[in-house]
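# Chains, contacts and geometry: an overview
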Amino acid sequence: MGIEKDFELTRSYDSKYVLNVFNPLPISFTHGKGVWLYDADGKQYMDMIGGIAVNSLGHNNKDLVKAVSDQAGKVIHCCNYYMIPQRSELAFKLCSNSFADKVFFCNSGAEANEAAIKIARGYFYYKGHPEKNEIITANMSFHGRTMATIAATGQEKFRIPFAPNVPGFKYVDYNDIEAVEAAIDEKTCAVMLELIQGESGVHPADVEYIKKLSVLCRTRGILLIFDEVQTGIGRTGRLFCYENYGVKPDIMTLAKGLAGGVPIGAMLCTDEVATGMKPGDHGSTFGGNPLACAAGNVVIDKITDTDLLANVNSVSAFLFEKLNELKEKYGKIVDVRGKGLLIGIEFDESIQAAGMKTRLMQEGFLVSSIGTSTIRLAPPLIITQREAAMFVTALGKILKGSRKGK
Ligand SMILES: *Cc1c(COP(=O)(O)O)cnc(C)c1O
């Protein structure tokens, strides 16, 4: 019997041997199809978190599975000493569909942000301004778990236990243009932020703020970096979230949804910024390998060549409408926010987010909880309105049944 069919063995090995940084729920899955995941007993769950905005095409997507298995049967990995056709093709697709001219591939969001931080500094170094090496980021941001990206993250809890932290970061309040203006000085090389702060509760940036920020960065001669690790690849109803704002960054990072579940990261930049790295300045053993890029090519094709984005926008409109109806009907919900299929539902003090997550899991729906009051939805982009309606019905049932103080 494979271990995936033996939940108790999984559970005992996990608690005994796996470093406990995740504190997982007592549940595991044997397979999936579309938005559905199945456990060893055959119980089905609707995956409303999509591996944290990763499973963009859902589970067991026929074309993605075929591309990955075909590629695995040819070349899984080949080092960057050689050209890699799948990588060339994915770079072409990303650049021809965005502001960018160049792409660096890696394996995760944190690594993509590391590359962004490095190239922003390198850009000014090679221009003869090594003193321009500070990056302004936002309070309550999240940029990853490596040493430089925890330093970039504007939340002390991620940094303090692991001091000394990488220097060169300053934090300002989100959506406050004056705060950025005041923080810029002769050492500033870039401003880096998320267009929707996903990990800290799904808080979108104001359109006016981003427009002003873009002008501010241009006039002060500093780089604008968008961390689209969570918001990119169709998540917000456009291929990239920055398209919703009518501004272009100098650097953008991607990861989560880019290869539909195969580990990948990417740092995209303009030709101008690309002068910030010379051959030998950066690299990655696995980054851009044929397997991950073959998967990425399928995902980009699905978004650009099918009506997937139209689906994201229509299911999103449906969810916002129905979730706001639940808010009207039962109270208890204080806010429904986000964009596309990245949605935060914030509850009042009568509902604990972690408790709601567990209740939803018992009903067969997977979500994530953020802090004490918010749950996050980031389902596969292929979710149908009928499936979304099942989630709304389940949430409504729980809200109806929950009494004050519970
Ligand atoms: C998830 C996330 C990261 C980190 O990505 P990893 O692949 O976990 O390293 C960075 N930035 C944002 C905005 C994210 O949502």
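Keep in mind the model is a prediction, meaning the values are calculated, not measured. (Residues numbered from 1 in each chain as written. Predicted model: local features only at pLDDT ≥ 70, side-chain atom pairs only at ≥ 80, totals over all residues. Heavy atoms only, no water.)

## Let's talk about the layout of surface pockets
In this structure, the second largest pocket encloses a volume near 580 Å³. Contributing to the lining of the second largest pocket are 22 residues, with Val103, Phe104, Phe105, Met277 and His282 lying nearest its centre. Looking at the lining of the second largest pocket, the elements with two or more residues in it are α4 (85–96), β4 (102–106) and β12 (265–269). Top element by residues in the lining of the second largest pocket is β4. It accounts for four residues. Its residues assigned to classes, the lining of the second largest pocket shows 11 nonpolar, six polar and five charged. (1 Å grid on protein atoms, 1.4 Å probe; cavity = no way out; pocket = protein on both sides within 12 Å on 5 of 7 lines; lining within 4 Å. Points joined across faces, edges and corners; volume = space filled by probe spheres on them. Helix = DSSP H or I, 4+ residues; strand = E, 2+ residues; numbered from the N terminus. Nonpolar A, V, L, I, M, F, W, Y, C, P; charged D, E, K, R; others polar.)

## Looking at helix α9 (residues 207–220)
In an α-helix, one turn spans 3.6 residues; hence positions three or four apart end up facing the same way. When the terminal C-alpha atoms of α9 are compared, their 20 Å separation across 14 residues agrees well with the 20 Å that a helix rising 1.5 Å per residue should span. Inspection of α9 places Tyr209, Ile210, Leu213, Ser214, Leu216 and Cys217 among the buried residues, and these make up the whole buried set. All buried residues of α9 project into a common sector of 165° when viewed along the axis, lining one side. Exposed residues pointing more than 90 degrees away from the buried face of α9 are listed as Val215 and Thr219. For α9, the secondary structure elements touched by its buried residues are α8 (177–183), β7 (188–193) and β10 (223–227). Just downstream of α9, glycine 221 is the residue with a positive phi angle, here 70°. (Expected span 1.5 Å × (residues − 1). Buried < 20%, exposed > 50% of the residue type's maximum accessible area, 1.4 Å probe, protein only. Arc of directions from axis to C-beta. Contact = heavy atoms within 4.5 Å.)

## A look at unusual backbone geometry
Here the bond from alanine 163 into proline 164 is cis, since omega is 0°, no more than 30 degrees from zero. Checked against the element boundaries, proline 164 lands in the loop between α7 (156–159) and β6 (169–172). We note that asparagine 60 has phi near 55°; this positive angle belongs to a residue other than glycine. Inspection of the secondary structure assignment puts asparagine 60 in the loop between α2 (50–53) and α3 (62–72). Positive phi is not limited to glycine here, since isoleucine 233 has a value of about 60°. Mapped onto the fold, isoleucine 233 is located in the loop between β10 and β11 (251–254). Assessed through its relative accessible area of 3%, isoleucine 233 is described here as buried.

## Details of the site of the ligand
Taken together, the neighbourhood of the ligand is formed by 13 residues, with Gly109, Ala110, Asp227, Gln230 and Lys256 sitting nearest. Between the ligand and the protein, one listed contact pairs an oxygen atom with a side-chain N or O atom of glutamine 230 at 2.7 Å. In isolation the ligand has 380 Å² of accessible area, and contact with the protein removes 82% of it. With three residues, the single largest contributor to the shell around the ligand is helix α5 (residues 109–126). Of the residues contributing to the shell around the ligand, the split by class is three nonpolar, six polar and four charged. (Near = heavy atom within 4 Å. Polar contact = N/O pair within 3.5 Å; in protein donor to acceptor, adjacent residues only side chain to side chain. Areas by Shrake-Rupley, 256 points an atom, 1.4 Å probe, with all protein chains shown as cover.)

## Focus on the side chain of threonine 253
With respect to the helices and strands, the residue threonine 253 is situated in strand β11. Owing to a relative accessible area of 0%, threonine 253 belongs among the buried residues under this scheme. Of the polar contacts made by the side chain of threonine 253, one reaches the side chain of aspartate 227; its length is 3.4 Å. Setting aside residues up to four positions removed in sequence, threonine 253 forms contacts with Ala112, Asn113, Ala116, Phe226, Asp227, Glu228, Val229, Ala266 and Met267.

## Concerning empty space enclosed by the protein
In this structure the tally under the stated criterion is one cavity of 30 Å³ or more. What the largest cavity holds in volume is close to 30 Å³. Lining the largest cavity, in full, are Ala53, Ser56, Gly232, Ile233, Arg235, Gly257 and Leu381. Among the residues forming the lining of the largest cavity, the class breakdown is three nonpolar, three polar and one charged.

## Digging into the sheet that holds strand β2 (residues 36–38)
Pairing within the open sheet is mixed, and its four strands lie in the order β1-β2-β3-β15. Of all strands in the sheet, those with a lone pairing partner are β1 (31–33) and β15 (365–366), marking the two edges. Bridge count between β2 and strand β3 (residues 44–47): three bridges; the pairing is antiparallel. Pairing of tryptophan 36 across the sheet is with methionine 46, part of β3. (Pairing = 2+ DSSP bridges.)

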